[in-house]
Amino acid sequence: MQATTFRFSCRAALAGLLIGLGSGQVLAQESATWVSEELTTYVRSGPTDGYRIVGTLSAGEQVKMLETSGEYTRVESDSGDAVWILSEELQDTPSAREKLPKLETRVAELTEELDNINATWEERVATMKENLEARAQRIDELEASNEALKRDAETLRKQSRKLNARLETQEEDLLMRYFMYGGGVAGAGLLVGLIVPHLPRRRKKRDRWF
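Basis of the calculations
- Residues numbered from 1 in each chain as written.
- Predicted model: local features only at pLDDT ≥ 70, side-chain atom pairs only at ≥ 80, totals over all residues.
- Heavy atoms only, no water.
- Helix = DSSP H or I, 4+ residues; strand = E, 2+ residues; numbered from the N terminus.
- Buried < 20%, exposed > 50% of the residue type's maximum accessible area, 1.4 Å probe, protein only.
- Contact = heavy atoms within 4.5 Å.
- Areas by Shrake-Rupley, 256 points an atom, 1.4 Å probe, with all protein chains shown as cover.
- Patch = residues over 30% accessible without salt bridge, like charges linked within 9 Å, V, L, I, M, F, W, Y side chains within 5 Å.
- Salt bridge = Lys/Arg side-chain N within 4 Å of Asp/Glu carboxyl O.
- Lys, Arg positive; Asp, Glu negative; His and termini not counted.
- Charge placed at Lys NZ, Arg CZ, Asp CG, Glu CD.
- Pairing = 2+ DSSP bridges.
- Polar contact = N/O pair within 3.5 Å; in protein donor to acceptor, adjacent residues only side chain to side chain.

1. Side note on the overall build of the chain
Right, so step 1: The helix and strand tally for the chain stands at two helices and seven strands.
Right, so step 2: Its helices and strands taken in sequence order, the chain reads α-β-β-β-β-β-β-β-α from the N to the C terminus.
Right, so step 3: Taken across its 210 residues, the chain has 13% of its residues classed as buried.
Right, so step 4: Partitioning the intrachain contacts of the chain with sequence separation of at least 6 by distance along the chain shows that 52% fall at a separation of at least 24.
Right, so step 5: In the form shown here, the chain has an accessible surface area of approximately 17,900 Å², with 57% of it arising from carbon and sulfur atoms.

Now the structure itself:
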């Protein structure tokens, strides 16, 4: 019985010594930190494994770091409870649970921006398509007008050739008429020149004063 009491007293003394040493190593500090990505993290009522488990913290939960003692850190949860947790189960960066809403918001913003870009691009494509169709129609109209002008030019060339042919014919007729007229005049003159010498001449009347 005395041996059992002695062993219990030794354990109590050792626990008290550890608590005293741990208390001497406590670093007072308050800062935001996050529970690691484990599913659940057990927390204790004190900074050693000898203290009882008083609950759990959810993975990724944000807590306020109050102080550190040995391998444990005292933190304050969202509910206001101050508990001890292994320091290795804490991290300085936001957890995935904290990042997810921001990532979802960013994805929504990028999706909206992409939709706006897509709508703007579709509008520009539609405008370009309309412009191309209008230009294609204008090109067709110009080509049709060009074909009509070619036909009119060919008709005018044919008419011009006909008129030139008629003009050449008229010039030949006119020259022929000139030649005939000139030949007639020359022939009449020659005939007159042949006839006049053979015409009888009138005798001059003598002067009766003598």
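2. Remarks on a nonpolar patch on the surface
Right, so step 1: Taken together, Leu174, Leu175, Tyr178 and Phe179 make up a surface patch of nonpolar side chains, about 460 Å² in accessible area.
Right, so step 2: With respect to the helices, strands and loops of the structure, Tyr178 is situated in helix 2 (residues 96–195).

3. Looking at a negative patch on the surface
Right, so step 1: There is a patch of like negative charges on the surface, built from Glu168, Glu171, Glu172 and Asp173.
Right, so step 2: A residue is classified by how much of its surface remains accessible, and Glu172, at 54% relative accessible area, is exposed.

4. Describing the pattern of salt bridges
Pairs may arise between side chains of opposite charge once their charged atoms sit close together.
Right, so step 1: All told, the structure shown has five salt bridges when counted by the stated rule.
Right, so step 2: A salt bridge links Arg106 to Glu109, with the shortest nitrogen-to-oxygen separation between them at 3.4 Å. Taken together, the positions of Arg106 and Glu109, both in helix 2 and three residues apart, correspond to about one turn of that helix.
Right, so step 3: Judged by relative accessible area, which is 41%, Glu109 ranks as partly exposed.
Right, so step 4: Residue Arg138 pairs with Glu141 through a salt bridge whose shortest N-O separation is 3.4 Å. Highlighted residues: Arg138 and Glu141, both in helix 2, separated by three residues, approximately one helical turn.
Right, so step 5: In this structure Arg138 comes out as partly exposed when scored by relative accessible area, which is 47%.
Right, so step 6: Judged by relative accessible area, which is 40%, Glu141 ranks as partly exposed.
Right, so step 7: Among the charged side chains, a salt-bridge network with shared partners connects Glu154, Arg157 and Arg161.

5. Focus: the pairing of strand 5 (residues 72–76)
Right, so step 1: Bridge count for strand 4 (residues 62–69) against strand 5 is five bridges, and the pairing is antiparallel. Across the sheet, Thr68 pairs through a bridge with Thr73, a residue of strand 5.
Right, so step 2: Connecting the antiparallel pair strand 4 and strand 5 is a turn made up of two residues, with Gly70 showing a positive phi of about 65°.
Right, so step 3: With five bridges joining them, strand 5 and strand 6 (residues 82–86) adopt antiparallel strand pairing. In the strand pairing of strand 6, Arg74 is matched with Trp84.
Right, so step 4: Counting the residues in the hairpin turn of strand 5 and strand 6 gives five residues, including Gly80, whose phi is positive at 95°.

6. Describing the side chain of Thr73
Right, so step 1: Relative to the helices and strands, Thr73 resides in strand 5.
Right, so step 2: By relative accessible area, Thr73 is classed as buried at 2%.
Right, so step 3: At 2.6 Å, the side chain of Thr73 forms a polar contact with the side chain of Ser87.
Right, so step 4: Those residues within four positions of Thr73 in sequence are excluded, and the remaining contacts are Met65, Glu67, Thr68, Val83, Trp84, Ile85, Ser87 and Leu90.

The quantities given are spatial measurements derived from coordinates; they are silent on function.
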